[in-house]
Every structure is written in structure tokens, then in C-alpha cells.
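# Commentary on secondary and tertiary structure
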Amino acid sequence: EAGVTQSPTHLIKTRGQQATLRCSPISGHTSVYWYQQALGLGLQFLLWYDEGEERNRGNFPPRFSGRQFPNYSSELNVNALELEDSALYLCASSLGTYGYEQYFGPGTRLTVT
Amino acid sequence: SQQGEEDPQALSIQEGENATMNCSYKTSINNLQWYRQNSGRGLVHLILIRSNEREKHSGRLRVTLDTSKKSSSLLITASRAADTASYFCATDAEDDKIIFGKGTRLHILP
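The structure reproduced in this document is the subject of the present report.

Conventions we followed
Residues numbered from 1 in each chain as written. Chains lettered and ligands numbered in written order. Predicted model: local features only at pLDDT ≥ 70, side-chain atom pairs only at ≥ 80, totals over all residues. Heavy atoms only, no water. Helix = DSSP H or I, 4+ residues; strand = E, 2+ residues; numbered from the N terminus. Rg over C-alpha atoms; globule rule 2.2 N^0.38 Å. Buried < 20%, exposed > 50% of the residue type's maximum accessible area, 1.4 Å probe, protein only. Contact = heavy atoms within 4.5 Å. Lys, Arg positive; Asp, Glu negative; His and termini not counted. Charge placed at Lys NZ, Arg CZ, Asp CG, Glu CD. Salt bridge = Lys/Arg side-chain N within 4 Å of Asp/Glu carboxyl O. Pairing = 2+ DSSP bridges. Phe/Tyr/Trp six-rings, centres within 6.5 Å; stacked < 30°, edge-to-face > 60°.

### Brief notes about the overall build of chain A
Within chain A one finds zero helices and 11 strands. Its helices and strands taken in sequence order, chain A reads β-β-β-β-β-β-β-β-β-β-β from the N to the C terminus. For 113 residues, the compact-globule estimate of 2.2 N^0.38 gives 13 Å, and chain A sits close to it at 13 Å. Seen through its C-alpha atoms, chain A measures out along the principal axes to roughly 35 × 30 × 25 Å. Across the 113 residues in chain A, those meeting the buried criterion constitute 50%. In chain A, 53% of the contacts between residues at least 6 apart in sequence involve partners at least 24 apart. Seen as two clouds, the 8 positive and the 10 negative side-chain charges of chain A have centres 9 Å apart.

Now the structure itself:
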């Protein structure tokens, strides 16, 4: 069974541009989570989607947004990129909402220059 | 500040020894999970312990949870070179946010 996939693997953008990151969950998983892992800050919870709806978001500005499609894949959009947005963005999926383990993708390395 | 805080930040032990990592959190939780990350890419789920459980085992892993002290520990017995990784605890708090700590970097020396 295929695991969580993310694309692209690497993304280099210029400050002020927009970035779009994509995630495909494991088949049958309805919940998708996005995390940012910046150097020295550990994993920061960004967004949680379940059944097509945003269920919760972390302490990030509104220029971080996303959506979940009917096939449960998800997209993370970062507008007006800033240098400090450079990080590894991890997507995870789970079967449900509470108490289910999350399966992580390999991540997208976003570099903002 | 982080909900989950791992301790120590880094740990180096000889192969074959046991490694213990701790995690403290601040608010009430539904469950706590431990993850491993190799080479800064992707995370692998290790074990989930619910708030009404005190101890769980999985192979060489033993996790304890003390909700009165808001802390958890991860014990890896008979460590191997392949255990070299960063280990994170994640709390599924009652406000539905999932919070990770900064992790413990474990290095197994040959």
C-alpha cells in the first residue's frame, strides 16, 4: 500500500511569491495534517483537514492556507513568502480524528531566497 | 511556548545500552504519541498511549505516561545503530491541536 506522498520534493521561491505544496494521503484516510519544521523550532502544527473541512489551525498568519479535495488529497498554499518560511513542510494522514496515529510523508523542502 | 518539551535535547550512548527520553506537557491531553525521524525527512509513528493508560510496550520500546505530572518517557532497550534518530513526542490536546516538542537527538555510538 502506498504511503503518504508529497510534491514537490524541493521548492525554491523568491520572497513575495506564492508556494503550493501537495499531499496525497494513504488510501482510506480522511484526515490530513500539515506541519512546518523549521531549523531550531521543531515541528509546528499548521492545519488539519478532515472530510474536506478545515478542523483546526495552528498559530500561523492567514497567508498560510489550504484545502482538502473530495479525494482527500490536500494542498497547502503560502502567499507572500518570507525568508523565515524556509522549512521542511510535512504532511500526515490518519484514519480519523481522535486517537489515530498519523502517517507522515517525506516532506517538501521549501527554500525562500 | 511548546506544549511538549523533550528532555534531553541530545543523548549519546553506547550500542547495547538503554536510552531514556522524557516529554513534559502543559495542558490536559487525550493521548500522547512518540515519533522517530531519520535524517530530517518524514516521521515514523512509534507508539500511542491514551490518557487512561500508564504504560505500553512495543518491541524494544516502553512508554510510560504520568498524567498527574504531565509527563511521558520513552525507553529504548538494547539500543542499535539504527536507532540513531530524532525522537518527538506529540500531544493530542483537548482543544484538538496537535503539538510536537522539539525532539531529542539520539546518537548510538558503535
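Next, the rest of the story.
### Some points on the overall build of chain B
Check the secondary structure of chain B and you find zero helices and 11 strands. Listing the helices and strands of chain B from first to last along the sequence gives β-β-β-β-β-β-β-β-β-β-β. Here chain B has a C-alpha radius of gyration of 13 Å; the compact-globule value for 110 residues is 13 Å, and the two agree. Considering only C-alpha atoms, chain B reaches an extent of 40 × 25 × 20 Å along its principal axes. Split into buried and exposed, the 110 residues of chain B put 46% on the buried side. If you take every contact in chain B between residues at least 6 apart in sequence, the share linking residues at least 24 apart comes to 54%.

### So, the pattern of salt bridges
Residue and element names in this part refer to chain A. Going through the model one piece at a time under the given rule, you end up with nine salt bridges over all chains. Of the charged contacts in the structure, one is a salt bridge between aspartate 50 and arginine 55, with a shortest N-O distance of 3.7 Å. A relative accessible area of 7% means that aspartate 50 is categorised as buried. Given the relative accessible area of 40%, arginine 55 is considered partly exposed. Here the residues in one salt-bridge network are Arg22, Arg67 and Glu75, joined through shared partners.

### What about the pairing of strand S3 (residues 19-24) of chain B?
Residues and elements named next belong to chain B. Burial of the side chains of S3 is restricted to one face: Ala19, Met21 and Cys23 are buried, whereas none of Thr20, Asn22 and Ser24 on the reverse face is. The sheet contact formed by strand S1 (residues 5-7) and S3 spans three bridges and is antiparallel. Bridging across to S3, aspartate 7 finds its partner in asparagine 22. Relative to strand S8 (residues 71-76), S3 runs antiparallel, the two sharing six bridges. Residue pairing across strands places serine 24 opposite serine 71, the latter belonging to S8.

### Details of the packing of aromatic side chains
Residues and elements named next belong to chain A. As enumerated under the stated definition, the model contains eight aromatic pairs over all chains in all. Ring geometry for tyrosine 33 against tryptophan 48: centres 5.7 Å apart, planes inclined by 10 degrees, an arrangement best described as stacked. In this pair, tyrosine 33 sits in strand S4 (residues 31-38) while tryptophan 48 sits in strand S5 (residues 42-50), placing the two residues 15 residues apart along the sequence. With respect to class, tyrosine 33 is no different from tryptophan 48; both count as buried.

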